[in-house]
Amino acid sequence: MAIAAQPALLGCGRPIDDVWETMDAPVSAHERHCPDCQAARSSLEPLFTATHELRIRDNNDADLKPRASVKASIMDIARAEVRRGRQLPLHQPSADQLGSDLTGPDLTISEQAVTSVIRAVGDTTVNDVRARRCSVELDDTDAGNQLDSASQPARLRIHLTVSVLATLLIPEAVDALRQSIIDHVAQELGLVATRVDITVEDIHHVS
């Protein structure tokens with residue numbers, strides 16, 4: 001039995017295909033303030049330009065039109081590259097490595113993989129909390145004090161925005177969610193969440 005493919009989502013929860021379908025349109029109000037959509041749009045721009053030029057050039061030559069399977073394969077690759085996004089090291093970089101290329105021989109994990117775990121925790125830990133945007137960055141505050149950072153797990157600062165049910169006790173829910181994120185990041189990813197900022201940006205009601 002065939003299983004329908006799930007849409008590839010950006011950190012803000014928007015499908016990547018929605019960004020692609022509006023590449024030839026002006027930037028929307030959401031995209032003007034969303035770093036995830038801006039990064040996806042920037043990543044897709046070269047592909048959009050190339051395919052646009054090819055369509056114009058090959059429009060009158062049937063022999064040059066690619067099969068549907070070829071176009072589907074190209075889009076699968078493009079979606080995967082956009083989803084992967086930035087690479088984060090699994091081990092904390094030393095002070096002299098910070099700010100340089102962190103995609104060398106050390107093991108890395110995609111930012112999208114990390115935010116996916118965090119968003120899943122946000123959606124399941126506390127009833128009536130819905131995870132929205134998530135961003136992560138390396139915490140380098142103690143880089144100068146690390147004697148052997150290569151043996152230490154990478155430290156992350158995390159920011160998650162959520163919507164909560166109107167009747168929820170927000171302080172208790174946020175505290176429980178923060179601790180759950182710290183635990184899951186350590187257990188599932190082997191990383192250390194040194195700071196977890198949670199912003200309640202919206203209140204929703206029972207539908």
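As a reminder, the structure under discussion sits directly above these lines.
Below is a short write-up of the structure.

Rules and cut-offs
Residues numbered from 1 in each chain as written. Predicted model: local features only at pLDDT ≥ 70, side-chain atom pairs only at ≥ 80, totals over all residues. Heavy atoms only, no water. Helix = DSSP H or I, 4+ residues; strand = E, 2+ residues; numbered from the N terminus. Buried < 20%, exposed > 50% of the residue type's maximum accessible area, 1.4 Å probe, protein only. Contact = heavy atoms within 4.5 Å. Core = buried A, V, L, I, M, F, W, Y, C linked by side-chain atoms within 4.5 Å. Pairing = 2+ DSSP bridges. Axes fitted to C-alpha atoms, helices over the stretch in contact; angles between N-to-C directions.

What follows is about the side chain of Asp 139. Mapped onto the secondary structure, Asp 139 falls in the loop between strand E3 (129–138) and strand E4 (155–165). On the accessibility criterion, Asp 139 (7% relative accessible area) is buried. With residues near it in sequence (within four places) discarded, Asp 139 still touches Gln 92, Arg 155, Leu 156, Arg 157 and Thr 194.

Let us now look at the environment of Cys 12. Positionally, Cys 12 belongs in the segment before helix H1 (16–21). Distance in space between the C-alpha atoms of Cys 12 and Cys 34 is 7.5 Å, their sequence separation being 22 residues. Other than its neighbours up to four places away in sequence, Cys 12 contacts His 30, Cys 34, Asp 36, Cys 37, Arg 119 and Arg 133.

On to the environment of Ser 116. By the element assignment, Ser 116 lies in helix H5 (residues 111–124). With 105 residues separating them in the primary sequence, Ser 116 and Gly 11 have C-alpha atoms 7.8 Å apart.

Before going further, it helps to examine the nonpolar core. If you look at the biggest cluster of nonpolar residues, it comprises 28 residues, and the most contacted ones within it are Val 114, Ile 118, Ile 158, Leu 160, Leu 177 and Ile 181. Elements represented by at least two residues in this core include exactly H5, E3, E4, helix H6 (170–189) and strand E5 (192–204). Take this core: its biggest share by element is six residues, from H6. Those residues in contact with Leu 177, other than ones at most four positions away along the chain, are Val 121, Gly 122, Thr 125, Val 126, Val 129, Leu 160, Val 162 and Ile 198. One finds Cys 12, Met 23, Ala 40 and Leu 44 within the second-largest nonpolar core, a separate group that totals ten residues.

What follows deals with the sheet that holds E5. Pairing is mixed across the open sheet formed by three strands, whose spatial order is E3-E4-E5. Taken across any chain shown, the strands that pair with only one partner, and hence form the sheet edges, are E3 and E5. Going across the sheet, the axis of each strand differs from the next one's by a mean of 15°, ignoring polarity. Strand direction decides the pairing type here: E4 and E5, joined by eleven bridges, are parallel. By the bridge assignment, Leu 165 is partnered in E5 with His 204.

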